[in-house]
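Breakdown of the fold
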Amino acid sequence: MGMFGFISRSLNKTVEAIKVVAPKKKLYFTKDELEDILLEADVEYDLVEIIIEQTYQEKITRDILRSKLLATLAHTTYTEPEYEAPFVELIVGVNGAGKTTTISKLARRYKEDGKKVILGAGDTFRAAAIEQLTLWAKRLDIPIVSSKQGHDSSAVAYDTIDSAKSKGYDHVIIDTAGRLHTQTNLANELKKINRICGKCHEGAPHRTLLIIDGTQGNSAIAQAKAFNDMIGVDGIIITKLDGTAKGGSVFSIAYALELPILYVGTGEQPEDLVPFDKYEFVDGILDALYVEEESKKEQEKVQEEPLKEETQEEKTEELEQPQQRVENIEEVTQEPHEKQEEQPQEEIKEVTPEETEETEETEETEETEEIVEEETQETEQEEMQPSLQEQLLEKFLEDERLLLLKKLSDTKCLVNYANTPVDTNIEFKDGAWSYC
């Protein structure tokens, strides 16, 4: 199973707590909703206020919240120091945080990577701690250096490092006592172990890891600060994350301490320790809040369909309106044209019978023929005039009327429009056409 499977599984209870205030996934949340969600996930109140104040959008989408949460984990990147083997790690933390189990998990990871590992049972204040670590060492087939309860823990640390150097081990993991962090004796003891490790091997301990119980929530911040003040902490391992609804405290711890989170414990088995990936951790929480990308796209399509229909209807109306205007113009121009065409036809019909009746009289026939020829010539002139008008109207439509009107503004045109004399001067003035 990939890391993302472990993270999503370990966040189950945190997700359930979030669903109390955000039962349905959304595309975005308001600031008030986001504040309730973060507080329910046990993010420290001061950090919640910082996130809200630095968010200027009213609708907080997944991308916006993701950038804010990742910013709180900006110090989670760890760079391993240069060292000469063996690599010495000092494990600190309060009793009950899961130090012994975490040591066994780390030893297993190193062994699977092909490294030689040795353990040091430095918590000499508790007999149970020595026995428990010895049991894990046997199960994993890893050597361990230990002593009786009450012996000097710094001596155990020295013997473990010395044995590793002589036998060519790659990793040394030393357990320490974990009584209440407010006790002065504990602080002095840790400082002594730290000094002895440095005397036995240059640069040791190369890394000091603090084990934090994930179920403690934001109260673990005070513990972490105390240990960091005592001897300095290089990284954090958060345990029992699968058994708590306070996964949001990870953001508070990382932001307050500015320390990298190296591993996350997701169970009790030796394999239940995974490297912490801030991107996958954040996405594991956001997946419980926001709809997936596919669902988001479907919702956007549903919202766009009515808009497309309205836009299509508007385009259809716009296309119909010019057609209606063209039809109206054609009707207006055709009416006088038709009237003018009808008159000569009627007159021709009246002349034709007179010609048939008066065929006997030659003089009358010649006069009638002259009359018919004159009327025919007038009719042809009248028919030519409307056709010119139609051509102009077509140009009006093709050039969207304005371009043509500007070109005609300084010229005379022969137009017979609405019984207007043929030879007429058209002038474009004050945004309209008029006859001079």
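Above this note sits the structure.
One structure accompanies this document, and this report is about it. (Residues numbered from 1 in each chain as written. Predicted model: local features only at pLDDT ≥ 70, side-chain atom pairs only at ≥ 80, totals over all residues. Heavy atoms only, no water.)

Observations concerning the overall build of the protein
Along the backbone of the protein there are 15 helices and 14 strands. When the 436 residues of the protein are sorted by exposure, 41% land in the buried category. Long-range contacts, defined as pairs at least 24 residues apart, comprise 73% of the intrachain contacts of the protein with a sequence gap of at least 6. When the accessible area of the protein is evaluated, it comes to approximately 24,900 Å², of which 46% is carbon and sulfur surface. (Helix = DSSP H or I, 4+ residues; strand = E, 2+ residues; numbered from the N terminus. Buried < 20%, exposed > 50% of the residue type's maximum accessible area, 1.4 Å probe, protein only. Contact = heavy atoms within 4.5 Å. Areas by Shrake-Rupley, 256 points an atom, 1.4 Å probe, with all protein chains shown as cover.)

Describing empty space enclosed by the protein
A complete count under the given rule lists two cavities of 30 Å³ or more for this structure. For the second largest cavity, the calculated volume is near 40 Å³. Together, I37, L38, A41, V43, L69, F251 and I285 line the second largest cavity. Residues that form the lining of the second largest cavity fall into these classes: seven nonpolar, no polar and no charged. (1 Å grid on protein atoms, 1.4 Å probe; cavity = no way out; pocket = protein on both sides within 12 Å on 5 of 7 lines; lining within 4 Å. Points joined across faces, edges and corners; volume = space filled by probe spheres on them. Nonpolar A, V, L, I, M, F, W, Y, C, P; charged D, E, K, R; others polar.)

Structural notes on the sheet that holds strand β10 (residues 273-275)
The mixed open sheet is built from eight strands, whose spatial order is β5-β4-β6-β3-β7-β8-β9-β10. Since the sheet does not close on itself, it has two edges, and those belong to β5 (144-145) and β10, each with one partner. (Pairing = 2+ DSSP bridges.)

Notes on the packing of aromatic side chains
Throughout the structure, instances matching the rule amount to four aromatic pairs. Their ring planes at 80° and their centres at 5.2 Å tell us that F29 and Y290 sit as a pair that is edge-to-face. Remark: Y290 occurs in the loop between α12 (278-286) and α13 (293-357) and F29 occurs in strand β1 (residues 28-29); sequence separation between them is 261 residues. Considered together, F29 and Y290 belong to a single accessibility category, that of buried residues. Consider the rings of F251 and F281, whose centres lie 5.5 Å apart with planes at 55°: the pair is tilted. Here the residue F251 occupies a position in helix α11 (residues 249-257), and F281 occupies one in helix α12, the gap between them amounting to 30 residues. Overall, the relative accessible area of 2% leaves F251 in the buried class. Through pairs of rings, three or more aromatic residues link up here, namely F251, F276 and F281. Sitting above the plane of the Y169 ring, K116 keeps its charged end 4.8 Å from the centroid. (Phe/Tyr/Trp six-rings, centres within 6.5 Å; stacked < 30°, edge-to-face > 60°. Lys NZ or Arg CZ within 6 Å of the ring centre and 35° of its normal.)

Some words on the pairing of strand β4 (residues 117-120)
The alternating pattern of β4 places V117 and L119 on one face and I118 and G120 on the opposite face, and all of these are buried. Here β4 runs beside strand β6 (residues 171-175); their pairing, made up of four bridges, is parallel. Bridge pairing in β6 links G120 to I174. With two bridges joining them, β4 and β5 adopt parallel strand pairing. Residue G120 lies in a different strand from β5, and its bridge partner there is V145. Each parallel crossover has a hand, and the one from β4 via helix α7 (residues 127-140) to β5 is right-handed. (Right-handed = clockwise from strand over helix to strand, strands pointing away.)

Here we look at helix α2 (residues 12-21)
Among the residues of α2, T14, V15, A17 and I18 are the ones counted as buried. Axial view of α2: buried residues confined to an arc of 160°, hence all on one face. Facing away from the buried side of α2 by over 90 degrees, the exposed positions are E16 and V20. (Arc of directions from axis to C-beta.)

A short note on unusual backbone geometry
Here the residue pair A85 and P86 is connected by a cis peptide bond, since its omega of 5° sits within 30 degrees of zero. Note that P86 resides in the loop between α5 (62-72) and β3 (87-92). Between A204 and the following residue, P205, the backbone shows a cis peptide bond with an omega angle of -10°. When you line up the elements, P205 lands in the loop between α9 (184-200) and β7 (207-213).

As for the environment of F227
Structurally, F227 can be placed in helix α10 (residues 220-230). Take F227: its relative accessible area is 0%, and that puts it in the buried class. Taking the C-alpha atoms as reference points, F227 and V94, separated by 133 residues in sequence, lie 9.4 Å from one another.

Looking at the environment of G267
One can find G267 in the loop between β9 (261-265) and β10. Under the relative-accessibility criterion, G267 is labelled buried at 19%. Considering only alpha carbons, one finds G267 and D242, 25 residues apart in sequence, at a separation of 6.6 Å.

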